[in-house]
Amino acid sequence: MENEPTKNDLEIVPNEYEETDYEVNVSIPEFNCICPRTGLPDFATIKINYIPNKYIVELKSLKLYIVKFRNMGIFHESATNKIFKDFQKSCNPKQIEVIGEFGARGGISTIVKVNSK
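All values derive from a computational prediction rather than experimental measurement.

The rules behind the values
Residues numbered from 1 in each chain as written. Predicted model: local features only at pLDDT ≥ 70, side-chain atom pairs only at ≥ 80, totals over all residues. Heavy atoms only, no water. Helix = DSSP H or I, 4+ residues; strand = E, 2+ residues; numbered from the N terminus. Expected span 1.5 Å × (residues − 1). Buried < 20%, exposed > 50% of the residue type's maximum accessible area, 1.4 Å probe, protein only. Salt bridge = Lys/Arg side-chain N within 4 Å of Asp/Glu carboxyl O. Axes fitted to C-alpha atoms, helices over the stretch in contact; angles between N-to-C directions. Left-handed = near helix turned anticlockwise from the far one by under 90°. Contact = heavy atoms within 4.5 Å. Nonpolar A, V, L, I, M, F, W, Y, C, P; charged D, E, K, R; others polar.

Asker: What am I meant to see in helix α2 (residues 76-91) here?
Answerer: For an α-helix, 3.6 residues make a turn, and residues three or four places apart therefore share a direction. Spanning 16 residues, α2 covers 23 Å between terminal C-alpha atoms, matching the ideal 22 Å at 1.5 Å per step. The set of residues buried in α2 consists of H76, A79, T80, K82, I83, F84, D86, F87, S90 and C91. Just past α2, the residue N92 takes up positive phi, approximately 45 degrees.

Asker: Please clarify how the pattern of salt bridges should be interpreted in this entry.
Answerer: Evaluated as defined, the whole model comprises five salt bridges. Note that D21 is salt-bridged to K94, the shortest N-O span being 2.5 Å. Here the residue D21 occupies a position in the loop between β1 (12-14) and β2 (24-34), and K94 occupies one in the loop between α2 and β5 (95-105), the gap between them amounting to 73 residues. Notably, a salt bridge pairs K47 with E101, separated by 3.4 Å at the nearest N-O pair.

Asker: I'm lost on the packing of helix α1 (residues 59-67) against α2 in this one. Help?
Answerer: For any two helices packed against each other, one specifies the crossing angle of their axes together with the interaxial distance. Relative to each other, α1 and α2 sit at 145 degrees, their axes nearing to 12 Å. Crossing handedness for the pair α1 and α2: right-handed. Here L62, Y65 and I66 of α1 come into contact with α2, specifically with K82, I83, D86 and F87. Grouping the constituent residues of the contact of α1 with α2 by class yields five nonpolar, no polar and two charged.

What follows is the structure in structure tokens.
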């Protein structure tokens, strides 16, 4: 699908401090996608915590990547894993964790954690 997010949407730039292990914590509180069963919107906060290697992900490209989920029918687990894999493939961090904190729907809220540890 043309508007589906891919790792190619994530622009990478050189890490100027490659010799230093430092952690980057990104929080995206306005993530949304569509429930593939009901077609209703799902809302989440996506947290990306990573230790850069040779590259970092440029944040505007990350924002535009995340917006592409807005009309996509995808399960919470799949969305979180897709973000993890695309981010990992784009910048190959030393370590990465992606957390999807999905709001309650029908009395159930979900937290999905994927990491490279």
